[in-house]
Amino acid sequence: MAKQDIKDLDWKNLGFEYRDLPYSYNEEFKDGKWQNGGLTTESTLTLSEGAEELHYGQEVFEGMKAYRTKDGSINLFRPDMNAKRLNNSAKRLVMQTYPEDKFVAAVKEVVKVNEDFVPPYGSGGSLYIRPFMIGTEPVVGVSPSSTYTFHIYATPVGAYIKGLHPMPYVVSQYDRAAYAGTGQAKTAGNYAGSLLPGKEAHDAGFAGELYLDPRQHKYIDEFGGANFYAIGKDGKFYTPKSDSILPSITKKSILTIAKDLGLDPTETHIDVNDLDEFTEAGAMGTAAVISPVGSLTNNGKKHVFYSETEPGPVTQKLYDSLYGIQEGDAEDKYGWVEKV
Ligand code: PLP
Ligand code: COI
């Protein structure tokens, strides 16, 4: 694949796709230690046909963004939390951990050398950063790898879910992750398992699928690539409490923002049969940012939230507050932003 020519980019219509940028970051773990990696122009990985990751899915990843600010500088949003979550995911998959300070430094290096590809302020785009780790040892039996590759690539993206336009979603009859399974880890298998539910949802005209708790199929868990929230008729902010969802960094931040906005945020079980209790709903995540849910269809019954065409007022406020901090327009009073 050819390297991306910057002249071919239309900053306002980037979509959400892979582009091969000048630099990536790579480091190998072998002989019991990380081997001093660094920036590389090589964006292809070479693996043994027996590599653990190819057969038994020993992979963990992160998703984060670099934002261009009005003054031309570049912001990262809580990169230390991505470093921590990668290691939590790695522990669940019996993988090596990667030093958290090195993770943040490596992300900054990748952004800096690819700086020209950070979309301009106001374009709606950002530089998506994808750190990941794979088990590389050739194995036949199911056991953890003793060698790993840690790698980071970056690619300029627009919104994953388009702007603040409400979209129709469907409650999936499938599970994303098992009860006491790998739902809290950001690992490839959870997403592989979501491909069929996602395809069926899209084929039926929905923007995506929402999973219920895998034990009872009663409480809302999360979307395939984002956490769920809803605004109650009581004006409060609700988001699912569950052991099978990804601990979203966006959600954690929104819980703080919602408290500041007087929305009395609560993490609790949300019964899928209680949708009438809510006036607004949305998806939240790095790629999704804040995306309003226009409607949710469960067992053929469609429930419309605030509107199918306009974002609700609380959703708009949450979006403005979060994106304002990320893009550097709003006060960063919790020190979430880190300059590249
Ligand atoms: N849930 C899933 C399944 C995800 O893939 C993501 C995306 O990273 C999220 C939630 C949101 O997490 P974060 O806000 O840390 O990006
Ligand atoms: C992210 O939001 O960073 C993710 O990894 C979600 C993915 C489905 C694009």
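- Named according to an unreviewed UniProt entry, the chain is Branched-chain-amino-acid aminotransferase originating from Lentilactobacillus kisonensis DSM 19906 = JCM 15041.
- Within the UniProt record for the chain, the comment given under Sequence similarities (unreviewed entry) is "Belongs to the class-IV pyridoxal-phosphate-dependent aminotransferase family."
- The UniProt entry for the chain carries the following text under Cofactor (unreviewed entry): "pyridoxal 5'-phosphate".

## Remarks on the overall build of the chain
Okay, so step 1: In terms of helices and strands, the chain carries seven helices and 18 strands.
Okay, so step 2: Along the three orthogonal principal directions, the C-alpha set of the chain runs to about 55 × 50 × 35 Å.
Okay, so step 3: Considering the chain as a whole, with its 340 residues, one finds that 45% of them fall into the buried category.
Okay, so step 4: A separation of at least 24 residues holds for 68% of the contacts in the chain among residues at least 6 apart in sequence.

## Quick notes on the site of ligand 1
Okay, so step 1: Gly 63, Glu 222, Gly 225, Ala 226, Asn 227, Leu 246, Ser 248, Ile 249, Thr 250, Lys 251, Gly 285 and Thr 286 make up every residue found near ligand 1.
Okay, so step 2: With three residues, helix H6 (residues 249–260) is the largest single contributor of residues to the shell around ligand 1.
Okay, so step 3: For the shell around ligand 1, a count of residues per class yields three nonpolar, seven polar and two charged.

## Considerations on the UniProt feature "modified residue: N6-(pyridoxal phosphate)lysine" (unreviewed entry) in the chain
Okay, so step 1: According to UniProt, the feature "modified residue: N6-(pyridoxal phosphate)lysine" (unreviewed entry) maps to Lys 186 in the numbering used here.
Okay, so step 2: Tracing the backbone shows Lys 186 in the loop between strand E9 (167–171) and helix H4 (188–192).

## Re the nonpolar core
Okay, so step 1: Counting 78 residues, the largest nonpolar core has Val 60, Val 107, Val 110, Val 111, Ile 129 and Met 133 as the members making the most contacts within it.
Okay, so step 2: Contact partners of Val 110, with chain neighbours within four places excluded, come to Tyr 23, Ser 24, Tyr 25, Ile 129, Ile 152 and Ala 154.

## Some words on helix H2 (residues 79–92)
Okay, so step 1: Its 14 residues give H2 an end-to-end C-alpha distance of 20 Å, which sits within 8% of 20 Å, the value for a rise of 1.5 Å per residue.
Okay, so step 2: For H2, the complete set of buried residues consists of Pro 79, Asn 82, Ala 83, Arg 85, Leu 86, Ser 89 and Ala 90.
Okay, so step 3: Directly after H2, the chain includes Val 94, whose backbone phi takes a positive value near 50 degrees.

## Observations concerning the confidence of the model for the chain
Okay, so step 1: Looking at the chain, the pLDDT average stands at 96 and 99% of residues meet or exceed 70.
Okay, so step 2: Interface scoring of the predicted complex returns ipTM 0.98; its pTM is 0.95.

## Let's talk about the environment of Phe 206
Okay, so step 1: Relative to the elements of secondary structure, Phe 206 occurs in the loop between helix H5 (195–203) and strand E10 (208–212).
Okay, so step 2: Judged by the 20 C-beta atoms lying within 10 Å of it, Phe 206 is buried.
Okay, so step 3: The sequence separation of Phe 206 and Ile 74 amounts to 132 residues, and the corresponding C-alpha distance is 35 Å.
Okay, so step 4: Apart from the residues within four sequence positions on either side, Phe 206 is in contact with Pro 168, Tyr 169, Val 170 and Ala 201.

Analysis parameters
- Throughout this description, residue numbers start from 1 for each chain and increase along the sequence as written.
- Following the order in which they are written, the chains are lettered starting with A and the ligands numbered starting with 1.
- This being a predicted model, a pLDDT of at least 70 is required before a residue's local features are given, and a value of 80 or more before pairs of side-chain atoms are given or counted; all residues contribute to the totals for chains, interfaces and linings.
- UniProt positions are given in the numbering used here, feature names are shortened, and annotations may be inferred rather than shown by experiment.
- Counting from the N terminus, the helices are the DSSP runs of H or I reaching at least four residues and the strands are the DSSP runs of E reaching at least two.
- A residue is called partly exposed when the number of other C-beta atoms within 10 Å of its own lies between 12 and 20, exposed at 12 or fewer, and buried at 20 or more, with C-beta atoms placed from the backbone.
- A pair of residues counts as a contact when their C-beta atoms, built from backbone coordinates, are separated by no more than 7 Å.
- To decide whether a residue is near a molecule or strand, its C-beta atom is placed from the backbone and checked for lying within 6 Å of it.
- In the scheme used here, Gly and all other residues not listed as nonpolar or charged are polar, with Ala, Val, Leu, Ile, Met, Phe, Trp, Tyr, Cys and Pro taken as nonpolar and Asp, Glu, Lys and Arg as charged.
- Each nonpolar core comprises buried Ala, Val, Leu, Ile, Met, Phe, Trp, Tyr and Cys residues, the members being joined through C-beta atoms within 7 Å.
- Here a helix's expected span is defined as the number of its residues, less one, multiplied by 1.5 Å.
- pLDDT expresses, on a scale from 0 to 100, how confident the predictor is about each individual residue.

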